[in-house]
Amino acid sequence: MASGGVILSNSFSFYQKRIVMSSRMQEKNGGASIPHVLSVAGSDSGAGAGIQADLKACAARGVYCSTVITSVTAQNTVGVQAVHAVPEDFVAQQLKSVLSDMQVDVVKTGMLPSVGVVKVLLQSLTEFSVRALVVDPVMVSTSGDVLAGPSILSTFREELLPMANIVTPNIKEASALLGGIRLETVADMRNAAELLHALGPRVVYDTGFSLGENLLQNGNVLVKGGDLPDSLDAVDIFFNGEHFYELRSSRIKTRNTHGTGCTLASCIAAELAKGSPMLTAVRVAKRYVETALEYSKDILIGNGIQGPFDHLLRLKSGSQSFHRKDAFNPSDLFLYAVTDSGMNKKWGRSMVDAVAAAIQGGATIVQLREKDAETRDFLETAKSCLAVCRSHGVPLLINDRVDVALASDADGVHVGQSDMPASVARTLLGPEKIIGVSCKTIEQAQQAWIGGADYIGSGGVYSTNTKANNPTIGLDGLKTVCSASKLPVVAIGGINASNAGTVIEMGLPNLKGVAVVSALFDRENVLAETKKLHALLMEASSSKIQ
Ligand SMILES: Nc1ncnc2c1ncn2[C@@H]1O[C@H](COP(=O)(O)OP(=O)(O)O)[C@@H](O)[C@H]1O
Ligand SMILES: Cc1ncc(COP(=O)(O)O)c(N)n1
Ligand SMILES: [Mg+2]
């Protein structure tokens, strides 16, 4: 960070000394500093707006969020049933606890229920330096309930707004702050943005400031048009004191807009904390709200008129977390079918038919392996095969392509040594998906375990023509890897009905099954071949060396 972050503002006094001390402490602890937003807002028991929305928005944007709760509301999708203000001295205590210990980059305010709370906040900001202040002047909930009464207006206008780097009123709030002027058109919104800018916010940063030269000068106003009557788009007006920007997105048809304002402001704060310039932060935030609303437009939470949306884009029914019965089960490796489009084409059947037949014959897991397919075709095939696999409770993995696994919501991936490392795949896919890694050596097996894989595939046990230039490790190599592996193992490479029994009967530690390609798919009758192999494996398992 540029040494300083000096803010020359009306009445702020920032202590350079503290910034230097705190970055020194971070250096001493050896940790990297993490973008950090402090949300000073009210709690919404329904978790659509307020502190809860702020936490989710920051989490979704990859920023740490601490919280100072100003008020506790009993609230749901019907409205606000009760409000319990937190005593001002306790708000002060929370502010001190967070700001005296943690390096907060950006403070974002939501519901500030009393003049006293605003004063306490401003006092804290004179004692502890932060890089930016985002003010969402929450006054009335969308349900029409008052969250901060008219007595607060003059304090907002005269004391809070002049300190803000950006203020984000909705139409009603902009009108209230400007003495009740009418706001019905985009032109009215522009006018309001200009008038609000004249009231403040006008914090000026020095040019060495880490958020970038001149980017925050003179403060900024965003008048949000979510509730603009008769508007086909969702239009917001951004004014930085020099230029107006009309930010438009499509208006999503949904009841789930509770908390959009809190979320937008938190996302702006999060992007600023990461170092984005103001206009970029606003654009990203608006795009994020639009995306989350589009994703959540049909979700149903609560019986009231305004529902919450899903900040993490994961709750929609049909997403994997709803349907997978449980976590990875190593016994699923028992009869592992790996597809080959060339073979299936040769025998005149579609991939879906081949997968369905293998499952019917007893395959316990399926891997879709498409070395030459166009991405779009691969994705379509993955989706159709997934439907078949899901209906039988059999996991579907994708060979190599983490992007296809993500896009199709398959159950996981299988990667080779020259594909994406397991640790990176794990970060992309999250904790629930299955990751398998091909390993020929003890070191590779160790690395797969460290990287967060669920199982390893070890081979080629026998020579095979499904993989060129693939040295075999033989039964001895398999034995070495199995003995050292902390993960369950599936044997692969040239395994078929004539040798599968030998592999299983060795009774190797951790060996849970065999993976086969040609033995199932380079045959006329996939169902019959799979049944035969399944029976043989059952037989071998019961007689394996203990
Ligand atoms: N139906 C919608 N579709 C797309 N964007 C929306 C929709 N409703 C609100 N927004 C956007 O959400 C943000 C919050 O706006 P608004 O609802 O006006 O604020 P508040 O929640 O404070 O009342 C704005 O960027 C606005 O354009
Ligand atoms: C605690 C709290 N803070 C803010 C809002 C405003 O959100 P919305 O305008 O979406 O009702 C709210 N309803 N509750
Ligand atoms: Mg709203």
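Conventions used here
Residues numbered from 1 in each chain as written. Chains lettered and ligands numbered in written order. Predicted model: local features only at pLDDT ≥ 70, side-chain atom pairs only at ≥ 80, totals over all residues. Heavy atoms only, no water. UniProt positions renumbered as here; feature names shortened; annotations may be inferred. Helix = DSSP H or I, 4+ residues; strand = E, 2+ residues; numbered from the N terminus. Buried < 20%, exposed > 50% of the residue type's maximum accessible area, 1.4 Å probe, protein only. Areas by Shrake-Rupley, 256 points an atom, 1.4 Å probe, with all protein chains shown as cover. Expected span 1.5 Å × (residues − 1). Salt bridge = Lys/Arg side-chain N within 4 Å of Asp/Glu carboxyl O. Phe/Tyr/Trp six-rings, centres within 6.5 Å; stacked < 30°, edge-to-face > 60°. Lys NZ or Arg CZ within 6 Å of the ring centre and 35° of its normal. Axes fitted to C-alpha atoms, helices over the stretch in contact; angles between N-to-C directions. Parallel < 35°, antiparallel > 145°, perpendicular 65-115°, else oblique. Left-handed = near helix turned anticlockwise from the far one by under 90°. Contact = heavy atoms within 4.5 Å. Nonpolar A, V, L, I, M, F, W, Y, C, P; charged D, E, K, R; others polar. Polar contact = N/O pair within 3.5 Å; in protein donor to acceptor, adjacent residues only side chain to side chain. Pairing = 2+ DSSP bridges. Right-handed = clockwise from strand over helix to strand, strands pointing away. Near = heavy atom within 4 Å.

- Going by an unreviewed UniProt entry, the chain carries the name Thiamine phosphate synthase and comes from Populus tomentosa.
- Among the UniProt annotations of the chain, the heading Function (unreviewed entry) holds the following wording: "Essential for thiamine biosynthesis. Bifunctional enzyme that catalyzes the phosphorylation of hydroxymethylpyrimidine phosphate (HMP-P) to HMP-PP and condenses 4-methyl-5-(beta-hydroxyethyl)thiazole monophosphate (THZ-P) and 2-methyl-4-amino-5-hydroxymethyl pyrimidine pyrophosphate (HMP-PP) to form thiamine monophosphate (TMP)."

## Quick look at the overall build of the chain
- Assigned secondary structure in the chain consists of 20 helices and 19 strands.
- Buried positions account for 52% of the 546 residues belonging to the chain.
- When the accessible surface of the chain is totalled, it reaches about 23700 Å², and 53% of it is carbon and sulfur.

## Describing helix α9 (residues 278-296)
- With 19 residues, α9 should reach 27 Å at 1.5 Å per residue; the first-to-last C-alpha distance of 27 Å fits that figure.
- What α9 keeps buried is the set M278, L279, A281, V282, A285, K286, Y288, V289, A292, L293, Y295 and S296.

## As for the pattern of salt bridges
- This model, assessed by the stated rule, comprises 23 salt bridges.
- The partner of K371 in a salt bridge is D400, and the shortest N-O contact between them spans 2.9 Å. Separated by 29 residues along the polypeptide, K371 in the loop between β13 (365-368) and α13 (375-392) and D400 in the loop between β14 (396-399) and α14 (402-408) bring together distant segments of the chain.
- Note on D400: relative accessible area 23%, which makes it partly exposed.
- K433 is the salt-bridge partner of D409, the closest N and O atoms lying 2.6 Å from each other. In this pair, D409 sits in the loop between α14 and β15 (412-415) while K433 sits in the loop between α15 (422-429) and β16 (434-439), placing the two residues 24 residues apart along the sequence.

## Topic: the packing of aromatic side chains
- Counting across every chain of the model gives 4 aromatic pairs.
- Against the face of Y295 rests K316, its NZ or CZ located 4.4 Å from the ring centre.
- Sitting over the ring of W449, K486 keeps its end group 4.0 Å from the ring centre.

## Observations concerning the packing of helix α8 (residues 260-274) against α9
- The interhelical angle for the contact between α8 and α9, taken along N-to-C directions, is 135°, at an axis separation of 8 Å. The orientation of α8 with respect to α9, classified from their angle, is oblique. In this structure, the crossing between α8 and α9 has a hand that is right-handed. Residues T260, T263, L264, C267, I268, E271 and L272 of α8 form the contact with α9, whose participating residues are M278, A281, V282, V284, A285, K286, Y288, V289 and L293.
- Split by residue class, the contact of α8 with α9 holds 12 nonpolar, 2 polar and 2 charged.

## Here's the deal with the side chain of S39
- Take S39: it is sitting in strand β2 (residues 36-44).
- The class of S39 is buried, set by a relative accessible area of 0%.
- Only 2.7 Å separates the side chain of S39 from the side chain of D54, close enough to count as a polar contact.
- Ignoring any residue separated from it by four or fewer positions in sequence, one finds S39 in contact with I51, D54, C65, S66, T67, V68 and K108.

## Describing the pairing of strand β5 (residues 106-109)
- By the alternation rule, side chains of β5 split into V106 and K108 and V107 and T109, which are all buried.
- Both β2 and β5 contribute to a ladder of 4 bridges, which runs parallel. Opposite L38, over in β5, you have V107 as the bridge partner.
- In this sheet, strand β6 (residues 132-135) lies alongside β5 in parallel orientation, the contact comprising 4 bridges. Within β6, the residue paired with V106 across the bridge is A132.
- With helix α4 (residues 115-127) bridging β5 and its parallel neighbour β6, the resulting β-α-β unit is right-handed.

## Remarks on α13
- Compared with the 26 Å implied by 1.5 Å per residue over 18 residues, the 26 Å span of α13 between its first and last C-alpha is a close match.
- Those residues of α13 hidden inside the fold are in contact with α12 (351-361), β13, β14 and α14.

## A closer look at the pairing of β14
- Taking every second residue as pointing to the same face, both faces of β14 are buried, with L396 and I398 on one and L397 and N399 on the other.
- Sheet analysis places β13 next to β14, joined by 3 bridges and oriented parallel. The residue bridging Q367 from the neighbouring strand is L397, located in β14.
- Taken together, β13, α13 and β14 constitute a β-α-β crossover, and its handedness is right-handed.
- Here 3 bridges tie β14 to β15, and the two strands are oriented parallel to one another. Bridging from a neighbouring strand, L397 pairs with G412 of β15.

## Things to note about the environment of G225
- Here G225 lies in the loop between β9 (220-224) and β10 (233-239).
- Linking G225 and D236, residues 11 residues apart in sequence, is a C-alpha distance of 5.0 Å.
- Contacts of G225, omitting those with residues within four sequence positions, involve I171, M189, V235, D236 and R251.

## Topic: the site of ligand 1
- With respect to spatial proximity, 15 residues lie near ligand 1, and among them K224, G226, D236, I252 and G261 are the closest.
- Between D236 and ligand 1, the recorded distance is 2.5 Å, taken from a side-chain N or O atom to an oxygen atom.
- One of the side-chain nitrogen or oxygen atoms of T260 is found 3.2 Å away from an oxygen atom of ligand 1.
- Look at ligand 1: alone it shows 550 Å² of surface, and the protein chains cover 93% of it.
- Contributing elements (two or more residues each) for the shell around ligand 1: β10, α8 and α9.
- Looking at the shell around ligand 1 residue by residue, the classes come out as 5 nonpolar, 5 polar and 5 charged.

## Overview of the environment of D411
- Mapped onto the secondary structure, D411 falls in the loop between α14 and β15.
- For D411, a relative accessible area of 2% puts it in the buried group.
- On a C-alpha basis, the gap between D411 and V394 in space is 9.4 Å, while along the polypeptide they are 17 residues apart.
- Within the local environment of D411, its side chain forms a polar contact with the side chain of R390, the two groups lying 3.1 Å apart.

## With respect to the site of ligand 2
- Surrounding ligand 2, one finds 13 residues, the nearest of these being G42, Q75, T142, H258 and G259.
- The separation between an oxygen atom of ligand 2 and a polar side-chain atom of H258 is 3.4 Å.
- Contact distances for ligand 2 include 2.7 Å between an oxygen atom and a backbone N or O atom of G259.
- With the chains in place, 94% of the 360 Å² that ligand 2 exposes on its own is no longer accessible.
- A per-class count over the shell around ligand 2 returns 5 nonpolar, 8 polar and no charged.

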